[in-house]
Amino acid sequence: EPEVTQTPSHQVTQMGQEVILRCVPISNHLYFYWYRQILGQKVEFLVSFYNNEISEKSEIFDDQFSVERPDGSNFTLKIRSTKLEDSAMYFCASSSTTGRAFFGQGTRLTVV
Amino acid sequence: GIQVEQSPPDLILQEGANSTLRCNFSDSVNNLQWFHQNPWGQLINLFYIPSGTKQNGRLSATTVATERYSLLYISSSQTTDSGVYFCAASYSGAGSYQLTFGKGTKLSVIP
């Protein structure tokens, strides 16, 4: 089965530093997403991306976050100036027009 | 937006027992998925089931969209079934199929 791949699997960063989380969605999918899961809590939607632009974003996705599809295969999430509360598991997902989402294995971000 | 509620929040089973996990959603949906989050935090796709019934081995799922609920059945549970089970739903609009997740059911299967 095709899969979404994310790198790195773990990242530790100092507060105030910028981080970039990377994802390679499934190749024929058109919709891309980032979700976040704080430890012990539910998975929360951050942003969706379609046709090279943000289609929806949650109130969590403030000005410190940005997404980009720099080439035909990668999809990135940038956090400009990390805070302690950004520590979470970040999931990338992609879907076709059915809406069925396939998730990557996640990047565990720890801000110290 | 859509609200998703799961029950029970916690479930402890003896190995070999059967269980039913429930997911209620507040509005019409055309996407309903069940996931298993393993101890490493990965979200494993179990079912894509906006309506009807599907079976995969010891697991099966049923969604009754008109009554706004979905059920996940686990039969002959094994210790490897332990983890958190999430239901997630969406109604597709133009350009997005963002999923709303429930809080999950934490399943512990004891030998």
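Criteria and cut-off values
Residues numbered from 1 in each chain as written. Chains lettered and ligands numbered in written order. Predicted model: local features only at pLDDT ≥ 70, side-chain atom pairs only at ≥ 80, totals over all residues. Heavy atoms only, no water. Pairing = 2+ DSSP bridges. Helix = DSSP H or I, 4+ residues; strand = E, 2+ residues; numbered from the N terminus. Axes fitted to C-alpha atoms, helices over the stretch in contact; angles between N-to-C directions. Disulfide = S-S within 2.5 Å. Buried < 20%, exposed > 50% of the residue type's maximum accessible area, 1.4 Å probe, protein only.

Draft legend 1. Quick look at the sheet that holds strand β3 (residues 19–25) of chain B. Residues and elements named next belong to chain B. If you walk across this open sheet you meet the five strands as β1-β3-β8-β7-β6, and the pairing is antiparallel. What marks the edges here is a single partner per strand, and that holds for β1 (4–7) and β6 (52–56). Each neighbouring strand pair of the sheet contributes to a mean axis angle of 15°, computed without reference to strand direction. Summarising the sheet, β1 and β3 pair through four bridges and their orientation is antiparallel. Directly across from Val-4, in β3, lies its bridge partner Phe-25.

Draft legend 2. How the structure looks around the state of the cysteines. Within the structure shown, the criterion is met by two disulfides over all chains. Each sulfur of the disulfide joining Cys-23 of chain A and Cys-92 of chain A lies 1.9 Å from the other. Between Cys-23 of chain A and Cys-92 of chain A the disulfide shows an S-S torsion of about -65°. By sign, it is left-handed. Note that Cys-23 of chain A is positioned in strand β3 (residues 19–24) and Cys-92 of chain A in strand β9 (residues 88–95), a separation of 69 residues in sequence. There is no split in this pair, since Cys-23 of chain A and Cys-92 of chain A are both buried. Bridging Cys-23 of chain B to Cys-87 of chain B, the disulfide has an S-S length of 1.9 Å. Because the torsion about its S-S bond is -55°, the bridge between Cys-23 of chain B and Cys-87 of chain B counts as left-handed. Note that Cys-23 of chain B is positioned in strand β3 and Cys-87 of chain B in strand β9 (residues 83–90), a separation of 64 residues in sequence. Side by side, Cys-23 of chain B and Cys-87 of chain B carry an identical accessibility label, which is buried.

Draft legend 3. A look at the sheet that holds strand β8 (residues 75–79) of chain A. All names here are of chain A. If you walk across this open sheet you meet the four strands as β1-β3-β8-β7, and the pairing is antiparallel. The sheet is open, and its two edges are formed by β1 (5–7) and β7 (65–68), each paired on a single side. Between one strand and the next, the sheet's axes are offset by a mean angle of 20°, whatever the strand orientation. One ladder, built from five bridges, connects β3 with β8; its direction is antiparallel. Its bridge partner being in β8, Cys-23 is matched across the sheet by Phe-75.

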